[in-house]
Amino acid sequence: MSLLCWNARGLRNPGALTALRTIVRKFSPSLVFLSETKLYGGWAEGVRRHVNFPNSFHVDCVGKSGGLLLMWNDDWEVSVKSYSVGHIDALVQCPGRSLWRFTGFYGNPKASCRSESWRLLCRLKDIFTLPWVCGGDFNEILSINEKKGGADRSLSAMSDFQQALDKCSLVDMGFEGQCFTWLNKRHGGAHVQERLDRYFCNQEWHDLYPSVRVLNGDLLHSDHRLVVASLENVIRHQRNDRKRCFRFETHWLKDDECHDIVQRTWLASEVSSPLDNQDCILDIFGRCADQLGAWNKGKFGSIPRLVRET
């Protein structure tokens, strides 16, 4: 039973969708909050179907930026209460638990406008008096230790963030794994890393889930790490996937097109050393399987059906 937040940096290409499907299969979250989806209208519904979630709520992107998507399973009752370009606020009822609140949050990417995000957070605090957890990409850090490389962050900006959290009685839930959740993918002196993605909760929510653990996952497709909050030390069974398992056919090795597809998939990786990143390898395998499956269907059709017909 877990929450998952991820700044996907766009979900309108096959690589991003494969990465999301890999993430969902690995962690089996009950609720997923995605920011910077860059989706609108029916695109968000298509993403929901792609990863087999029965329920969703989305906020359209503005132009080519922004966009939020909340997805959840039927084992949780989720009721969305408010939304904006920077948040989705919902009440959550889990079996055997008291009603609580989840807010998926996306801090304004413009530093000059970030105070608007903190005012929004404080307004949300006054709407309900419930156990509350808030997660997402806040686009701000809380201390100088949460940034490596580049120019120093504004101390006053960090202070404004902390004051907003104090007003909301929200505290950092910590993490396991790598500290920095965002990197700019540049090299040398221009390389910058920051801890922008995280969870906060109030004391009442922590009392509901005292054994909660937050994991900062690997970088996969996006320049942001996903962050997963495992609410209990329980391994949730993955949902049944009705799709047939991928099977590599040995006769493909005789076709040069098969070699070309595999080579293109590996070379298209956005990580310089994919073999050092488990999630990146899974992403490559997934994209390779999808492309080989589509190629096989178009070139050879259904071999079992052809055998039956002959």
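A short tour of the structure in this document, coming up. Counting of residues starts from 1 at the beginning of each chain's written sequence and follows it residue by residue. Whole-chain, interface and lining totals are the exception, using all residues; otherwise, since this is a predicted model, local features are given only for residues with pLDDT of at least 70 and side-chain atom pairs are given and counted only at 80 or more. Note that the side-chain values use all heavy atoms of the structure and ignore hydrogens as well as water.

### What to know about the nonpolar core
Inference 1: Definition used in this section: a nonpolar core is a set of buried Ala, Val, Leu, Ile, Met, Phe, Trp, Tyr and Cys residues joined via side-chain atoms within 4.5 Å. Working definition: with a 1.4 Å probe on protein chains only, accessible area under 20% of the residue-type maximum means buried, over 50% means exposed, and in between means partly exposed. One finds Leu-3, Trp-76, Trp-100, Phe-102, Trp-205 and Leu-231 to be the most contacted residues of the largest nonpolar core, which totals 30 residues.
Inference 2: Comment: elements are numbered from the N terminus, with helices defined as DSSP H or I runs of at least four residues and strands as E runs of at least two. Elements that contribute at least two residues to this core include exactly β1 (2-7), β2 (31-35), β4 (68-72), β6 (87-93), β7 (100-106), β14 (197-201), α5 (203-208) and β16 (225-230).
Inference 3: Contacts were defined at the residue level, with two residues in contact if any of their heavy atoms lie within 4.5 Å. Not counting residues within four places of it along the chain, the set of residues in contact with Trp-76 comprises Met-1, Ser-2, Leu-3, Ser-30, Leu-31, Val-92, Gln-93, Cys-94, Pro-95, Trp-100 and Leu-231.
Inference 4: Judged by nonpolar contacts, the second largest core, of 23 residues, contains Ala-8, Phe-27, Ala-44 and Met-71.

### Some details on helix α1 (residues 14-27)
Inference 1: A helix is expected to reach a length of 1.5 Å times the quantity of its residues less one. Over its 14 residues, α1 extends 20 Å from the first C-alpha to the last, a length consistent with the 20 Å expected when each residue adds 1.5 Å.
Inference 2: The buried fraction of α1 amounts to 11 of the 14 residues, a majority that puts the element mostly inside the structure.
Inference 3: Turning to α1, its buried residues number three or more, namely Gly-15, Ala-16, Leu-17, Thr-18, Ala-19, Leu-20, Arg-21, Thr-22, Ile-23, Val-24 and Phe-27.
Inference 4: With a side-chain oxygen positioned 3.1 Å from the backbone nitrogen of Gly-15, the residue opening α1 is Asn-13.
Inference 5: In the segment just after α1, Ser-28 is the residue with positive phi, at about 45°. Polar contact is defined as a pair of N or O atoms within 3.5 Å, subject to the rule that within protein one atom must be able to donate a hydrogen and the other to accept it, and that residues adjacent in sequence are counted only when both atoms are side-chain atoms.

### Focus: the pattern of salt bridges
Inference 1: We define a salt bridge as a side-chain nitrogen of Lys or Arg found within 4 Å of a carboxyl oxygen belonging to Asp or Glu. Enumeration over the complete set of coordinates arrives at 14 salt bridges.
Inference 2: For Glu-45, the salt bridge identified is with Arg-49, shortest N-O distance 3.8 Å. Of this pair, Glu-45 and Arg-49 are both found in helix α2 (residues 42-50), four residues apart, which corresponds to roughly one turn of the helix.
Inference 3: Taken together, the shared-partner salt bridges connect Arg-114, Glu-140, Lys-147, Arg-153 and Glu-194 into one network.

### Considering the sheet that holds strand β15 (residues 213-219)
Inference 1: In this analysis, strands are considered paired if DSSP registers two or more bridges between them. Read from one edge to the other, the open sheet built from seven strands follows the order β3-β4-β2-β1-β16-β15-β11, with strand pairing classed as mixed. With one partner strand each, in any of the chains shown, β3 (55-59) and β11 (176-177) form the two edges of the open sheet.
Inference 2: One ladder, built from five bridges, connects β15 with β16; its direction is antiparallel. Directly across from Asn-216, in β16, lies its bridge partner Val-227.
Inference 3: On the sheet, α1 packs against β1, β2, β15 and β16 and is oriented at approximately 160° with respect to β1.
Inference 4: A fitted line through C-alpha atoms serves as each axis, taken over the contacting stretch for helices, and the angle formed by two N-to-C directions is quoted from 0 to 180°. The sheet contacts of α2 involve β3 and β4, and relative to β3 the element is tilted by about 150°.

### A word on the packing of helix α3 (residues 114-125) against helix α4 (residues 155-167)
Inference 1: α4 packs onto α3 with a crossing angle of 5° between their chain directions and a minimal axis gap of 9 Å. It follows that α3 is roughly parallel to α4 by the angle criterion. From α3, Trp-118, Leu-121, Cys-122 and Lys-125 reach across to α4, where they touch Asp-160, Phe-161, Ala-164, Leu-165 and Lys-167.
Inference 2: Charged residues are taken to be Asp, Glu, Lys and Arg, nonpolar residues to be Ala, Val, Leu, Ile, Met, Phe, Trp, Tyr, Cys and Pro, and polar residues to be all remaining types, Gly included. Of the residues belonging to the contact of α3 with α4, the class tally is six nonpolar, no polar and three charged. The scheme is simple: roughly parallel for angles under 35 degrees, roughly antiparallel for over 145, roughly perpendicular for 65 to 115, oblique for anything else.

### Things to note about the pairing of strand β5 (residues 77-84)
Inference 1: Alignment of β5 against β6, held across seven bridges, turns out to be antiparallel. By the bridge assignment for β6, Ser-84 is matched with His-87.
Inference 2: Linking β5 back to β6 in an antiparallel pair, the connection comprises two residues.

### A word on the side chain of Asp-137
Inference 1: Mapped onto the fold, Asp-137 is located in strand β8 (residues 132-137).
Inference 2: Under this rule, positive means Lys or Arg and negative means Asp or Glu; His and the chain ends count for nothing. Buried Asp-137, no salt bridge; nearest opposite-charge side chain is Arg-9, N-O distance 7.5 Å.
Inference 3: For Asp-137, the side chain forms a polar contact with the side chain of Asn-7, separated by 2.8 Å.
Inference 4: Sequence-distant contacts of Asp-137, that is, excluding residues within four places in its chain, are made with Asn-7, Ser-35, Phe-105, Tyr-106, Gly-107, Leu-196, Asp-197 and His-224.

### Focus on the packing of aromatic side chains
Inference 1: Aromatic rings from Phe, Tyr and Trp, with only the six-membered ring used for Trp, were paired whenever their centres fell within 6.5 Å, and each pair was classed as stacked if the ring planes differed by under 30 degrees, edge-to-face if by over 60, and tilted otherwise. Taken as a whole and assessed by the stated rule, the structure comprises 13 aromatic pairs.
Inference 2: For the pair Phe-161 and Phe-200, a centre-to-centre distance of 5.8 Å together with 85° between the ring planes defines the contact as edge-to-face. One end of the pair, Phe-161, is in helix α4; the other, Phe-200, is in strand β14, and 39 residues separate them in sequence.
Inference 3: For Phe-161, a relative accessible area of 0% puts it in the buried group.
Inference 4: Three or more aromatic residues joined by ring pairs form one cluster here, namely Phe-105, Trp-118, Phe-138, Phe-161 and Phe-200.
Inference 5: By definition here, charges over rings are those cases where NZ of Lys or CZ of Arg is within 6 Å of the ring centre and within 35 degrees of the ring normal. Geometry around Trp-43 places Arg-12 over its ring, the cationic atom sitting 4.0 Å from the centre.
Inference 6: Lying across the ring of Trp-132, Arg-101 places its NZ or CZ 4.5 Å from the centre.

### What about the environment of Ala-19?
Inference 1: Following the sequence through the fold, Ala-19 ends up in helix α1.
Inference 2: Separated by 11 residues in the primary sequence, Ala-19 and Ala-8 place their C-alpha atoms 9.2 Å from one another.

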